[in-house]
Amino acid sequence: MNNYSDDSLALHTDLYQINMAKAYWEDNIHHKKAVFDLYFRKLPFGNGYAIFAGLERIIDYLQTFHFSESDLDYLKELGYKRDFIDYLRTVRFTGNVRAMKEGEVVFNNEPILQVEAPLIEAQLIETALLNIVNYQTLIATKASRIMQVAGDKPASEFGTRRAHEFDAALWGTRATFISGFSSTSNVRAGKRFGIPISGTHAHSYVQAYEDEYIAFHKYAKSHKNCVFLVDTYDTLKSGVPTAIKVAKELGDNINFEAIRLDSGDLAYLSKEARKLLDEAGFVDTKIIASNDLDEYTMMNLNAQGAKIDAWGIGTKVITAFDQPALGAVYKMVAMEDENGEMTDRIKLSSSPEKVTTPGLKKVYRIINKFTNKSEGDYIALNYEQPEKESKLHMFHPVHTYIGSFVTNFIAKDLHEDIFVDGILMYENPPLQEIQSYSKEQLNLLWEEYKRSLNPEEYPVDLSQACWDNKMKHIEEMKKYSFKK
Ligand SMILES: Nc1ncnc2c1ncn2[C@@H]1O[C@H](COP(=O)(O)OP(=O)(O)OP(=O)(O)O)[C@@H](O)[C@H]1O
Ligand SMILES: O=P(O)(O)OC[C@H]1O[C@H](OP(=O)(O)OP(=O)(O)O)[C@H](O)[C@@H]1O
Ligand SMILES: O=C(O)c1cccnc1
């Protein structure tokens, strides 16, 4: 354990970013403008779309970006020279960021966010930006899959105890809320983000009294709104009948809101519990289910006719249980040359998906005016104006023979100016608004893209000019490497 205080996020980066920063600075190219695209190549969970989350934290990170004195002391200890350290002391984020809004429905191979900044700044922030987007977008997408099954029934996020430590619990639960979860059990997240909080009680509460009747009675004395956990000993023989008995005794003194089932056969138990509650006159008392739930189990429970009114979901959403990482990348697409002109940059690869798409680009959602559904996304070079065209040729960027012509469309630019010359231009909407925005954007998608199993592939196409430009750079780069 050393004595440095943890007072900035500038070193929350990979050492190779600092290695590059040093070399750029020594070569005096650190101030040249560079453009990077942030995107992922493959949708997670085999889903047909993803939900973007992370912008709020990125804004906060970039606004406060600086190397603290303790960061610089540590770099000095590592052997970095004084003049480089003195330079780092002055570094702030002074560039431009364009990004999609949080809650946006996003797809593979389209820039979710673009950074245009002095090379050294754009490079130093790469790791943190990817760290933020990859986790939050992954969790928002998992949560969205779950909400496709939950429908109008509320889902509460219960996962803090299983999350990958504090930050993941906090920002992860925010991501689930963006995708439609209705509440969280994490009280700090409620305080920090204004997410509605909700909570029942644990088995230990019943164990503390050993007797379910006493436990429920005491709980009801302490809380007017009661949700009783009924599976500590025997759900149908003891838990549900005891909850009913206490609720009858206390009458209008309490609101018998719900029971919670947390083990056993949730389909069978919910149906039987429903019968007992209804027979006792508690037709409005809800049944909440929890225990290792995810979209697959929930779908199965629905198919079995389970009488579940609300879901408590922890581990599997907050850890993105079936896919531990999203693979978003950050790739250079343009750079200022020795004459001060911006020139495109490309990275080649033997796999076509990994070849980058050079140039400054915009992403448009092409919305059919008649159906109000999205026809696909269209990536065009900055100077193009697809919104002014009457007919668009949309074609697959790898299998170019797959394509169609679109007319009567709206081309919606999906990027917002977030920072211009380091100045924040964007105001984060309230979280509730982000949730509503996300829901509206999902409504633009045909159902075929939203099913959880084998969804249709949503078109993410390049404009002809963007595609021609890419081909030109591939050819030039091949000639260049061949000459060498
Ligand atoms: N009817 C059902 N159909 C499909 N899956 C179910 C059904 N009922 C429960 N499950 C799921 O099956 C799994 C059973 O969990 P587990 O093996 O931990 O048993 P349990 O009864 O919960 O015991 P424990 O007391 O240890 O929690 C959970 O993921 C649960 O959500
Ligand atoms: O199952 P999750 O989706 O993660 O939801 C949260 C779980 O956390 C609690 O269990 P607890 O930590 O007491 O352990 P348990 O598995 O023994 O119930 C609660 O009773 C849920 O079962
Ligand atoms: O409120 C609950 O019921 C709850 C919260 C966290 C984890 N498990 C259950």
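Here goes a summary of the coordinates provided. Keep in mind that what you see is a predicted model, and the values were worked out from it rather than measured.

Okay, the packing of aromatic side chains next. Evaluation of the coordinates by the stated rule reveals 18 aromatic pairs. Residues Tyr80 and Phe84 carry aromatic rings whose centres are separated by 5.9 Å and whose planes lie at 40° to one another, so their mutual orientation is tilted. For the residue pair Tyr80 and Phe84, the accessibility class agrees, reading buried in each case. Seen from their ring centres, Phe256 and Phe282 are 5.0 Å apart, and the 80° between their planes marks the pair as edge-to-face. Of the two residues, Phe256 sits in strand E9 (residues 255-261) while Phe282 sits in the loop between helix H12 (266-279) and strand E10 (286-289), which places them 26 residues apart along the sequence. In terms of burial, Phe256 and Phe282 fall into one category: buried.

Listed as buried for helix H10 (residues 212-222) are Glu212, Ala215, Phe216, Tyr219 and Ala220. Buried positions in H10, seen along its axis, are confined to an arc of 130° and lie on one side of it. Away from the buried face of H10 by more than 90 degrees, exposed residues Lys221 and Ser222 are located. Where H10 is buried, its residues touch helix H9 (203-209), strand E8 (225-229) and helix H11 (235-250). Here H10 starts with a cap whose side-chain oxygen sits 2.8 Å from the backbone nitrogen of Tyr213, and that cap is Asp211.

Together, Leu348, Met477 and Tyr480 give the surface a local cluster of nonpolar side chains, amounting to about 250 Å² of exposed area. Its place among the elements puts Leu348 in the loop between strand E13 (342-344) and strand E14 (361-368).

Helix length check: H11 (16 residues) gives 21 Å between terminal C-alpha atoms against 22 Å at 1.5 Å per residue, within 8%. Among the residues making up H11, those that are buried are Thr235, Gly239, Val240, Thr242, Ala243, Ile244, Val246, Ala247 and Leu250. In the core, the buried residues of H11 are packed alongside H10, E8, E9 and H12. Of the residues one or two after H11, Gly251 is the one with positive phi, at around 50°.

What follows concerns the sheet that holds strand E11 (residues 310-313). Strand order in the open sheet made by the six strands is E7-E6-E11-E10-E9-E8, with parallel pairing throughout. The open sheet has two free edges, formed respectively by strand E7 (183-184) and E8, since each of these has just one partner strand. As defined by bridge partners, E9 adjoins E10 across four bridges and the pair is classed as parallel. Bridged to Ala258 within E10 is Lys286.

In this section: the nonpolar core. In this structure, Leu62, Val97, Val115, Ile125, Leu129 and Tyr330 are the most contacted members of the largest nonpolar core, which totals 88 residues. Per-element accounting of this core gives the leading share, nine residues, to helix H6 (residues 126-150). In this structure Leu62 touches Phe93, Val97, Ile125, Leu129 and Phe419, once residues within four positions along its chain are discounted. Core analysis: the second largest hydrophobic core is formed by 42 residues, Met147, Val206, Ala306 and Ile308 among them.

Sheet strands pair via backbone hydrogen bonds, and the direction of the pair is either parallel or antiparallel. In space, the seven strands of this open sheet follow the order E13-E12-E1-E5-E3-E19-E20, with antiparallel pairing throughout. The strands lining the two open edges of the sheet, one partner per strand, are E13 and strand E20 (423-424). Two elements, strand E3 (residues 96-99) and strand E19 (residues 416-420), share three bridges in a ladder whose sense is antiparallel. From the neighbouring strand, Ala99 faces E19, where its bridge partner is Glu416.

Bringing the site of ligand 2 into the picture now. Around ligand 2, a shell composed of Phe158, Arg161, Arg162, Arg260, Asp262, Asn291, Asp292, Leu293, Ile313, Gly314 and Thr315 is seen. Separating an oxygen atom of ligand 2 from a side-chain N or O atom of Arg161 is a distance of 2.7 Å. Within the side chain of Asp262, an N or O atom sits 2.7 Å from an oxygen atom of ligand 2. When its residues are assigned to classes, the shell around ligand 2 shows three nonpolar, three polar and five charged.

How two helices sit against one another is set out by the angle between their axes and by the gap between those axes. Running from N to C, H6 and helix H7 (residues 165-178) point in directions that differ by 45°, and their axes come no closer than 8 Å. With respect to each other, H6 and H7 are oriented oblique. In the crossing of H6 with H7, the sense of the turn from one axis to the other is right-handed. Each of Tyr135, Gln136, Ile139, Ala140 and Ala143 in H6 lies in contact with H7, whose residues at this interface are Ala168, Trp171, Gly172, Arg174, Ala175 and Thr176. Here the residues of the contact of H6 with H7 are counted per class, giving seven nonpolar, three polar and one charged.

How each quantity is defined
Residues numbered from 1 in each chain as written. Chains lettered and ligands numbered in written order. Predicted model: local features only at pLDDT ≥ 70, side-chain atom pairs only at ≥ 80, totals over all residues. Heavy atoms only, no water. Phe/Tyr/Trp six-rings, centres within 6.5 Å; stacked < 30°, edge-to-face > 60°. Buried < 20%, exposed > 50% of the residue type's maximum accessible area, 1.4 Å probe, protein only. Helix = DSSP H or I, 4+ residues; strand = E, 2+ residues; numbered from the N terminus. Arc of directions from axis to C-beta. Contact = heavy atoms within 4.5 Å. Polar contact = N/O pair within 3.5 Å; in protein donor to acceptor, adjacent residues only side chain to side chain. Patch = residues over 30% accessible without salt bridge, like charges linked within 9 Å, V, L, I, M, F, W, Y side chains within 5 Å. Areas by Shrake-Rupley, 256 points an atom, 1.4 Å probe, with all protein chains shown as cover. Salt bridge = Lys/Arg side-chain N within 4 Å of Asp/Glu carboxyl O. Expected span 1.5 Å × (residues − 1). Pairing = 2+ DSSP bridges. Core = buried A, V, L, I, M, F, W, Y, C linked by side-chain atoms within 4.5 Å. Near = heavy atom within 4 Å. Nonpolar A, V, L, I, M, F, W, Y, C, P; charged D, E, K, R; others polar. Axes fitted to C-alpha atoms, helices over the stretch in contact; angles between N-to-C directions. Parallel < 35°, antiparallel > 145°, perpendicular 65-115°, else oblique. Left-handed = near helix turned anticlockwise from the far one by under 90°.

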